[in-house]
Each structure stands twice: as structure tokens, then as C-alpha cells.
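Single-letter residue listing:
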Amino acid sequence: MPLATVCDYGLMVFAAVLLDVDGVLLDSTAAHRRVWTAWAANHRLDVEFVWKSTFGRRPEDTIRDVAPHLDPAVERIALDGLLVSERGSFPPLPGASDLLARLYGRPWAIVTSGSRETTQERFHAAALPLPEVQIYGEDVDQAKPAPDCYLLAAERLGVLPTECAVIEDAPAGVEAAVVAGCTVIGLSTTHAATALDRAHLHAATLKQALILLEQL
């Protein structure tokens, strides 16, 4: 898919904005890295292989891929236990508050592979507002990179997926949004822009992403 910039993409009007959470609104990379490193070490798994399999995906789906001999439900409980010590380690990314404040009343939703309880807890701790429509990993049968989560968000907002702009930082999330039919801004906070080559537009920061959104 050809890339575009704010200069050559042209003016488009979108009915809604859909936002991933980890790596987009919350800076969760360091905390998640510590948790997955400890979990992988406990099971004598290759830490880097496991870590690269986590982005944009539900923990259970990662576990099925990297350790098919383990029970995903049991290991999810273990991961949640490791996360307890990381409470308070999920600050908002620079520009997150400004971006949400400047959506100018445009409908928006969060679309994450994370769980409802922990995500809401982290939003409150980060003093970020939660939208009316929130899609979590447990809300769909097939999580990212399947398009189900973005299709569900558009449905609940009462708009077409093609009327939605998405900000995503992970290849799995970009793939999900593109397949759903959304226009995607790839945010290179956790991955290089080259790893997000399926995205229609690219931004290095949320400030840059906001500029792109205001042009769409």
C-alpha cells in the first residue's frame, strides 16, 4: 500500500477516531517488557522471541504461539500476578491528553487487546478520559490482527469502518484496522515506520499524529 504524507494525502472527512491504547495513549512498553521477561525466564523461553510476539495481541494469543505446551488461561493468571507490581508504571504518552482534548467533539473509541479492568484502572491513574465506546480483548472472538475489534468499534459508534481514522503502533493492530477498511496512522513509538508499512500515514509522535488527524 502506498505511503502518504499530510501534504499529498488530500482532505478527507472522518466520522470517528479509533485509538489503540498501549504504545498510543499509554506508555506501557517498559512495564510490559519486565513482565514478559520474567514470565519467559520462568519458562526458560527465548525472551526476545516472546517479546516480539506480544505487541498488539492478547496475552493468551501470544502464549499459544510461543508456548503451545502451556495452558493460556493458567499463564494469563500468572502474567496478571506479575503485573500487580507494575501498578503506577503506565503513564500517558506525551501528547495523549492534548490529542484527546482536541478531538473537537468527534466520536472516538479505544480499541485494545488489553482487558477492561486493567485498562480502565490505568486510564484513571493517568488522568485520561475514557470514551463511551471501549473495545477490549475479551469483547471479540478473534483479536488483532483480525479486524473484528475495529469492525465492532465502528458498529457501536454507528459509523462505517471506512469512515474511521485509526492510530496504531503495532503491526498486528495496523493489519487489523487496514483489513477492517479504516484509514490508519502508524505511530512509530514501539516499532519503526518500516514495520508499519501497511499504514496509510505515519507519525513519530502523537503531536504529529494530531496534525495528521486535523487534516483528515
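Residues numbered from 1 in each chain as written. Predicted model: local features only at pLDDT ≥ 70, side-chain atom pairs only at ≥ 80, totals over all residues. Heavy atoms only, no water.

Participant: Describe the packing of helix α1 (residues 29-42) against helix α4 (residues 72-83), with residues and values.
Facilitator: Their axes nearest at 10 Å, the elements α1 and α4 cross at an angle of 130°. With respect to α4, the element α1 is oriented oblique. Crossing handedness for the pair α1 and α4: right-handed. Within the contact between the two elements, α1 uses His32, Val35, Trp36, Ala38 and Trp39 and α4 uses Glu75, Leu79, Leu82 and Leu83. (Axes fitted to C-alpha atoms, helices over the stretch in contact; angles between N-to-C directions. Helix = DSSP H or I, 4+ residues; strand = E, 2+ residues; numbered from the N terminus. Parallel < 35°, antiparallel > 145°, perpendicular 65-115°, else oblique. Left-handed = near helix turned anticlockwise from the far one by under 90°. Contact = heavy atoms within 4.5 Å.)

Participant: Can you tell me about the nonpolar core, naming the residues and giving the values?
Facilitator: Membership of the largest hydrophobic core comes to 30 residues, with the highest contact counts inside it found for Leu25, Leu99, Ile167 and Ile185. Contributions of two or more residues to this core are made by β1 (16-19), α5 (96-101), β2 (108-111), β4 (164-168), β5 (183-187), β6 (201-203) and α9 (206-213). Ranked by residue count, the leading element in this core is α9, at 5 residues. Once residues lying within four places of it in the same chain are set aside, the contact partners of Ile167 are Leu18, Leu19, Asp20, Val24, Leu99, Ile185, Leu187, Ala209 and Leu213. Formed by 25 residues, the second largest nonpolar core is a distinct cluster that contains Ala109, Val140, Tyr150 and Val178. (Core = buried A, V, L, I, M, F, W, Y, C linked by side-chain atoms within 4.5 Å. Buried < 20%, exposed > 50% of the residue type's maximum accessible area, 1.4 Å probe, protein only.)

Participant: How would you explain the pairing of β5 if you had to name every residue and give the values?
Facilitator: For β5, the buried fraction is high: 5 of the 5 residues fall into the buried class. Neither face of β5 is open: one carries Thr183, Ile185 and Leu187, the other Val184 and Gly186, and all of them are buried. Summarising the sheet, β4 and β5 pair through 4 bridges and their orientation is parallel. In the sheet register, Val166 faces β5, and the bridge partner there is Val184. Each parallel crossover has a hand, and the one from β4 via helix α8 (residues 171-180) to β5 is right-handed. In the sheet, β5 pairs with β6 via 3 bridges, with the strands oriented parallel. Note on β6: the bridge partner recorded for Gly186 is His202. (Pairing = 2+ DSSP bridges. Right-handed = clockwise from strand over helix to strand, strands pointing away.)

Participant: Describe the side chain of Ser115, with residues and values.
Facilitator: The topology assignment puts Ser115 in the loop between β2 and α6 (116-125). Using a relative accessible area of 14% as the deciding quantity, one classes Ser115 as buried. One polar contact links Ser115 to Thr118, side chain to side chain, over a distance of 2.6 Å. Apart from the residues within four sequence positions on either side, Ser115 is in contact with Arg76, Tyr136 and Glu138. (Polar contact = N/O pair within 3.5 Å; in protein donor to acceptor, adjacent residues only side chain to side chain.)

Participant: Break down the packing of aromatic side chains for me, citing the residues and quoting the values.
Facilitator: On inspection of all chains with the given rule, the structure shows 2 aromatic pairs. Taken together, a centroid distance of 5.4 Å and an interplanar angle of 80° make the contact between Trp36 and Trp39 edge-to-face. Within this pair, Trp36 and its partner Trp39 are both found in helix α1, separated by 3 residues, close to a single helical turn. Trp39 matches Trp36 in its accessibility class, with the two residues each being buried. Arranged with centres 4.8 Å apart and planes meeting at 70°, the rings of Trp51 and Phe55 form a pair that is edge-to-face. Residue classification places Trp51 among the buried residues on the basis of a relative accessible area of 10%. Between Arg122 and the ring centre of Phe90, over which it is positioned, the NZ or CZ distance is 3.7 Å. (Phe/Tyr/Trp six-rings, centres within 6.5 Å; stacked < 30°, edge-to-face > 60°. Lys NZ or Arg CZ within 6 Å of the ring centre and 35° of its normal.)

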